[in-house]
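Results of the structural survey
Each chain is listed here by its residues.
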Amino acid sequence: MTLQKTLSYFALSLIVLWAGCKGNEPQTPPGGYTLNVRLESAVGSINPVIQSTGYPRYVALQVFQTLSYFDPESIEAKPLLVKSIPNAVKVTEGNFKDNLAYTFELRDAAKWDNGTPVTAADVEFTLKLILHPLLNTRVWRGYMDKVAGFETDPANPKKFTIYMREYYILGLESITQFPIYPEYNYDPGKLLRNVPLADFLNAAKADQLAQTDKSLIDFATAFNQPATGSDKTRISGSGPYTVSFIDPAQGVILARKKDWWGDKEAAQCPGLVAYPDTIHYKLAAAEDAALNLLQSGNLDIAGNIAPVKFQELQKDAAFSAKYNFQTFWSPTFNRVLINHRDPILADKRVRQAIVQSVNYDEILKDIQHGMAIRTVGPVNPNNPVYAKNITPYNFNPDNAKALLADAGWKDSDNDGTADKLVNGKKTDLVLKMLNTTGTPISDQISAALQNSLAKSGIKLELVAADLPTITKETTTGNYQLAATATAWHPGTIDFHQVYHSSNILPGDNRTGLANTELDQLIDKIRITESIDARKPMYVRVQEILHEEVPEVFLYAPVTRMISSKKVDVKMTALRPGYLENTIQQKK
């Protein structure tokens, strides 16, 4: 998301931003080094198995830890909570014969806030969280469908083995990238110990137990309470920071733990460094609010400033004397989701008309000012499996009108909007698009889409919504079009969550795309070890997506970062472009 307003409104913005917050103002702990970071959208809950994307996840990464992390430079997986990352071993005998075994050992020093060690029991507990049918964890659950079992070493509570039924391209990543929860804090009554993990791994059995087992029901009732993620006293992980303040209207403050266990291991594991004593995430959704905070010296990092304002500030001698300006190709791309379950949009011809009614050149040149590139699909153009053979759709209102006419939509009354008889009644082609407002880029792009679609006879009505609302509505399928952004995965790509028909509601296939050939290709990609063998399948997937049009792939923006010269920020391809814990204060 990007934002833009003039600096002349700074004083007014400050009054508006903080008015009405008396009595609940965030208090940054005195002393030490405080890193001030812009939040572009609200964080009202820190519960990463439930909220797995966006700013809640970025904040959660400083509180919760995973077994491995992605190195910010090489983008390779490195051990974090575990001593090493194992290779898979084929099991030759026993209950898990012919399965693949991954054996881990947690770091000896790793401990929770109450001083007890992080153990295999906590990892097993977190797997149960993810697989619990009464918790909204389906996005994570989809990555665990190859997990066959879990065993703790009887001689070492920090050593455990996870078994997988067969090879899966994201097998190792899927079992090392979920946040580990402390069982003592989130299940003090040990309710989930009453149900073996094997029952959770059996989806049918788990669904049955969810209706009858009191332990599962009682646990879900407690865990699903909003306070689990919004009450700072109930949020706890093994990471270097605790939550000292959280308010969706203002932001989040994280305080560094005293005598944190990772300090002694950071020299051997760079993923454990934690330089700031306090991280203050300040909500500044509107660009004028962010610019105000920058101008007053109350922000150290601000991303996604609108291109025109970014370039303008670079030329401001007084401003550039205090701030660095960095740009790099973004790990994100912007898109418009198209709901295939909608009666109008279920017709592929209408979807193809929409994608040819977008003036891409206007967006790239006049709105992004050259700080973005086209993409043909959900694969990074630098990825070797990117489909270079596909020609991107271009702005072609004549083709769009012909497609609409073929689908029965013609402008019969010459009012500029296509129409057709639906149940005997003349109906105009009107589509509603969920979009964020109040930011220069989103406002300009929405207006550009509205104008360009009108040239094809499509009337686009804009429905203002914040990001949490857009996420909720698209997840439940209650929309026609939705303007969003998402990230390219830094590693191997698995399309299953987003495009496989088995993940249509309540999964993350928000467009409702269902294509038999696509499902078969996705399933085969997941279990094919050879990269060379996977490549043509990846290309074919992109060809099907290009044909079926589940989304309008708009552009991949250049990430624009403004950072204070008082801190040393190393940019990374990992979203959002920096790792807060690694940012040092300059001496």
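Let me begin by describing the structure that accompanies this report. (Residues numbered from 1 in each chain as written. Predicted model: local features only at pLDDT ≥ 70, side-chain atom pairs only at ≥ 80, totals over all residues. Heavy atoms only, no water.)

1. Some points on the overall build of the protein chain
Going by this rule: Going along the chain from the N terminus, every DSSP run of H or I of four or more residues is numbered as a helix, and every run of E of two or more is numbered as a strand. We take the radius of gyration over the C-alpha atoms and set the globule estimate at 2.2 Å times the residue count to the 0.38 power. The buried label goes to any residue with under 20% of its type's maximum accessible area, the exposed label to any with over 50%, and the partly exposed label to all in between, with areas taken from a 1.4 Å probe on protein chains only. Here a residue-residue contact requires only that any non-hydrogen atoms of the pair lie within 4.5 Å. Surface accessibility follows the Shrake-Rupley procedure with a 1.4 Å probe radius. Residue values consider only the protein chains on display as shielding. The convention is simple: Lys and Arg are positive, Asp and Glu are negative, and His and the chain ends are not counted. Note on charges: their place is set at NZ of Lys, CZ of Arg, CG of Asp or CD of Glu.
The secondary structure content of the protein chain amounts to 21 helices and 22 strands. At 25 Å, the protein chain has a C-alpha radius of gyration in line with the 25 Å of a compact globule built from 587 residues. Projected onto its principal axes, the C-alpha coordinates of the protein chain cover approximately 80 × 60 × 45 Å. Here the protein chain holds 587 residues, and 53% of them are scored as buried. Of all intrachain contacts in the protein chain linking residues separated by at least 6 positions in sequence, the fraction that spans at least 24 positions is 72%. On the protein chain, roughly 25000 Å² of surface is accessible, and the fraction owed to carbon and sulfur atoms is 51%. Within the protein chain, one finds 61 positive and 63 negative side-chain charges whose respective centroids are separated by 3 Å.

2. Some words on the side chain of Lys 146
Considering the arrangement of structural elements, one finds Lys 146 in the loop between helix 4 (138-141) and strand 6 (147-152). Not counting residues up to four positions away in its chain, the partners in contact with Lys 146 are Tyr 163, Met 164, Arg 165, Glu 166, Tyr 168, Arg 526 and Ile 527.

3. Describing the environment of Ala 120
For Ala 120, the location among the structural elements is in helix 3 (residues 120-131). Judged by relative accessible area, Ala 120 falls into the buried class, the value being 0%. Between the C-alpha atoms of Ala 120 and Phe 160, which are 40 residues apart in sequence, the distance is 6.0 Å.

4. Let's talk about the packing of helix 14 (residues 348-355) against helix 16 (residues 397-406)
Defined as follows: Helix axes are fitted to C-alpha atoms over the stretch in contact, other axes to C-alpha atoms as well, and angles between N-to-C directions run from 0 to 180 degrees. Oblique is the label for any angle not under 35 degrees, not over 145, and not in the 65 to 115 range, which are roughly parallel, roughly antiparallel and roughly perpendicular in turn. When the near helix sits turned anticlockwise from the far one by under a right angle, the crossing is termed left-handed; a clockwise turn instead gives a right-handed crossing.
Running from N to C, helix 14 and helix 16 point in directions that differ by 165 degrees, and their axes come no closer than 8 Å. Put simply, helix 14 runs roughly antiparallel to helix 16. For the element pair helix 14 and helix 16, the recorded crossing hand is left-handed. The segment helix 14 lies against helix 16, with Arg 349, Val 350, Gln 352 and Ala 353 engaging Ala 400, Leu 403, Leu 404 and Asp 406.

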